[in-house]
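Listed below are the residues making up each chain.
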Amino acid sequence: MVTHLYKPNGNGPFPVVIFSHGRSGERDKRWHLKAPVLNGHGNFWLRKGFAVVASVRPGYGDTGGVDREASGATGSGSACGGTPDYFRVARFAGEAVLTTMEWLKSQPWSNNDKILLVGQSVGGLTTIGVAATNPNGVIGAINFAGGFGGAPHATPGRSCQPDKLTALFGEFGKTIKAPSLWLYAENDLYWPAEAPKEWHQAFAAGGSKTKFVMTPALTGTDDGHNLLAVGGRMWSPHVNDFVKELGF
């Protein structure tokens with residue numbers, strides 16, 4: 001996999017953020033993905049002393065290969081058909097994270113006992129799914145607008161069978177041990193406004209330490225799904241607190 005690396009000066013070992021990117025609904029945009037993590041977000045973690053590893057998963061950008069993350073659904077929004085398999089999406093995307101963790105074991109600058117999983121959109125779903133398998137060294141998970149099944153241009157505010165994600169997140173919540181932070185904006189057009197709250201409620205029922213934050217609607221954009229990119233003032237205080245609770 002083509003992988004972007006942000007590393008602080010020095011020899012380390014450094015705590016590591018493994019960042020999982022999102023997924024465009026347009027095949028052409030997936031093929032042309034260049035930056036798996038925003039430069040500004042990479043620098044955010046560098047300033048905290050973390051290295052950041054962000055891989056371009058199979059089926060995207062210069063990594064190329066077969067798209068393994070299709071859910072199996074047809075259509076979009078409430079008109080979608082087929083039987084979407086969101087667990088399949090999380091499993092295949094999660095393989096990239098687990099492979100990255102194996103690679104980190106050979107890197108002398110990596111503190112493999114202090115790995116923080118972070119992801120955006122499908123990457124957020126991936127982050128929670130991987131954390132639920134409790135890999136050694138994972139100390140926490142941050143989910144930015146995690147989910148699947150939305151088509152904001154065709155069916156804004158409606159996604160494909162969001163109840164299936166409720167059930168899936170509920171299963172993840174039964175096994176996860178690491179603390180997690182979930183961040184969404186009110187005006188996310190990828191799914192119904194209440195869906196992320198329902199997903200988190202099902203997840204939290206498992207008893208893990210977790211916090212859900214629904215920020216106000218973003219200004220200057222018509223889609224709160226861009227929270228990570230343009231809503232730093234809204235999410236950074238919560239992330240700062242979460243990282244402090246982890247001991248950094």
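Scroll up a little and you will see the structure.
About the thresholds
Residues numbered from 1 in each chain as written. Predicted model: local features only at pLDDT ≥ 70, side-chain atom pairs only at ≥ 80, totals over all residues. Heavy atoms only, no water. Helix = DSSP H or I, 4+ residues; strand = E, 2+ residues; numbered from the N terminus. Expected span 1.5 Å × (residues − 1). Bend = angle between axes of the 7 residues up to and from the residue. Buried < 20%, exposed > 50% of the residue type's maximum accessible area, 1.4 Å probe, protein only. Contact = heavy atoms within 4.5 Å. Polar contact = N/O pair within 3.5 Å; in protein donor to acceptor, adjacent residues only side chain to side chain. 1 Å grid on protein atoms, 1.4 Å probe; cavity = no way out; pocket = protein on both sides within 12 Å on 5 of 7 lines; lining within 4 Å. Points joined across faces, edges and corners; volume = space filled by probe spheres on them. Nonpolar A, V, L, I, M, F, W, Y, C, P; charged D, E, K, R; others polar.

Caption draft 1: Representation of helix H3 (residues 86–104) in the model. With 19 residues, H3 ought to run about 27 Å at 1.5 Å a step, and its terminal C-alpha atoms sit 27 Å apart, in line with that. Of all the bends found along H3, the most pronounced is centred on glycine 94 and spans about 25°. Those residues of H3 not exposed but buried are Tyr86, Val89, Ala90, Phe92, Ala93, Gly94, Ala96, Val97, Thr100, Met101 and Leu104. Packed against the buried residues of H3 are strand S2 (14–20), strand S3 (51–55), strand S6 (110–120), helix H4 (122–131), strand S7 (138–144) and helix H5 (162–175). The N-cap of H3, judged by a side-chain oxygen 3.3 Å from the amide nitrogen of phenylalanine 87 a few residues on, is aspartate 85.

Caption draft 2: Quick look at the layout of surface pockets. Considering only enclosed or pocket space, the largest pocket measures out at about 1,200 Å³ in volume. Lining the largest pocket are 42 residues, with Gly22, Arg23, Ser24, Gly25 and Tyr190 sitting closest to its centre. Looking at the lining of the largest pocket, the elements with two or more residues in it are helix H1 (27–31) and helix H7 (227–230). The dominant element in the lining of the largest pocket, judged by the number of residues it contributes, is H7, at 3 residues. Class assignment for the residues of the lining of the largest pocket results in 21 nonpolar, 16 polar and 5 charged.

Caption draft 3: Main features of the environment of arginine 88. Checked against the element boundaries, arginine 88 lands in helix H3. On the basis of relative accessibility, which here comes to 27%, the residue arginine 88 falls in the partly exposed class. Measuring from C-alpha to C-alpha, the distance between arginine 88 and histidine 200 comes to 20 Å, with 112 residues separating the pair along the chain. Excluding residues within four positions of it along the chain, arginine 88 makes contact with Arg68, Glu69 and Ala70.

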